[in-house]
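# Fold and contact review
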Amino acid sequence: MDIDLPDVLAEVTAQFTRYEKALVTNEVAVLDELFRNDSRTLRYGIGENLYGYDEIMAFRAGRPPVGLMRKINRTVITTYGRDTAIASTLFYRESTPGKVGRQMQTWIRCPEGWRIVAAHVSIIDEPKVT
């Protein structure tokens, strides 16, 4: 298996960047587009477990568009072959000092383009540096 083919990595990185921009600017249509429209698509959030595209869309539509800005750090995108990728990042928000968010996404190349089929978001206390 080819890991991190440069052209595939560039494609997924561009979509991840597009997702991040849409997330912090509350571009719901772009966020909806980037999740696969399928009943098997999952998103485990900080306070919600969403099963299927319809639940994910409803969550995005009902989420307040405030406090979305964040800084990301230690982003790792790894591609496997030409059609699968995992994107992981840490994020920090001024509204949650002392906390670090963690986000993982599974991306699959679909006929309509790269789409997220599974996502997990969680927040923990920022680990103490020793």
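## Thoughts on the pairing of strand 6 (residues 113-125)
- As paired strands, strand 1 (residues 42-44) and strand 6 are joined by three bridges and run parallel to one another. Across the sheet, the residue bridging to leucine 42 is alanine 118, located in strand 6.
- In this structure, strand 5 (residues 99-110) lies alongside strand 6, joined through 12 bridges in antiparallel fashion. What sits directly across from methionine 104, in strand 6, is histidine 120.
- What sits between the antiparallel neighbours strand 5 and strand 6 is a turn of two residues.

## Some points on the packing of aromatic side chains
- The final tally for this structure, using the stated rule, is two aromatic pairs.
- Ring centres of tyrosine 44 and tyrosine 51 lie 5.8 Å apart, and the angle between their planes is 65°; this geometry places the pair in the edge-to-face category.
- Positioned over the ring face of phenylalanine 91 is arginine 70, at 4.3 Å from the centre of the ring.

## Thoughts on unusual backbone geometry
- Positive phi outside glycine occurs at aspartate 4, with the angle close to 60°.
- Backbone geometry at asparagine 26 places phi at a positive 55°, although glycine is not the residue there.
- Mapping asparagine 26 onto the fold places it in the loop between helix 1 (6-24) and helix 2 (28-34).

## Here's the deal with the layout of surface pockets
- Approximately 180 Å³ is the volume found for the largest pocket.
- Along the walls of the largest pocket sit 14 residues, with Arg43, Ile46, Arg63, Arg93 and Val121 positioned nearest its centre.
- Elements represented by at least two residues in the lining of the largest pocket include exactly helix 1 and helix 3 (53-62).
- Here the second largest pocket defines a volume of roughly 160 Å³.
- In terms of lining residues, the second largest pocket is bounded by Met69, Arg70, Lys71, Tyr92, Arg93, Glu94, Thr96, Gly98, Lys99 and Glu126.
- Split by residue class, the lining of the second largest pocket holds two nonpolar, two polar and six charged.

## What about the environment of tyrosine 19?
- By the secondary structure assignment, tyrosine 19 is in helix 1.
- When its relative accessible area of 3% is taken as the criterion, tyrosine 19 is described as buried.
- A distance of 2.9 Å separates polar atoms of two side chains, one belonging to tyrosine 19 and the other to arginine 60.

## Considerations on the side chain of arginine 63
- As for its placement among the helices and strands, arginine 63 is situated in the loop between helix 3 and strand 3 (71-80).
- Of the side chains with opposite charge, glutamate 48 comes closest to the buried, unpaired arginine 63, at an N-O distance of 7.4 Å.
- If near-sequence neighbours (up to four positions away) are discounted, arginine 63 is found in contact with Leu23, Asn26 and Leu68.

So, how was this worked out
Residues numbered from 1 in each chain as written. Predicted model: local features only at pLDDT ≥ 70, side-chain atom pairs only at ≥ 80, totals over all residues. Heavy atoms only, no water. Pairing = 2+ DSSP bridges. Helix = DSSP H or I, 4+ residues; strand = E, 2+ residues; numbered from the N terminus. Phe/Tyr/Trp six-rings, centres within 6.5 Å; stacked < 30°, edge-to-face > 60°. Lys NZ or Arg CZ within 6 Å of the ring centre and 35° of its normal. 1 Å grid on protein atoms, 1.4 Å probe; cavity = no way out; pocket = protein on both sides within 12 Å on 5 of 7 lines; lining within 4 Å. Points joined across faces, edges and corners; volume = space filled by probe spheres on them. Nonpolar A, V, L, I, M, F, W, Y, C, P; charged D, E, K, R; others polar. Buried < 20%, exposed > 50% of the residue type's maximum accessible area, 1.4 Å probe, protein only. Polar contact = N/O pair within 3.5 Å; in protein donor to acceptor, adjacent residues only side chain to side chain. Lys, Arg positive; Asp, Glu negative; His and termini not counted. Salt bridge = Lys/Arg side-chain N within 4 Å of Asp/Glu carboxyl O. Contact = heavy atoms within 4.5 Å.

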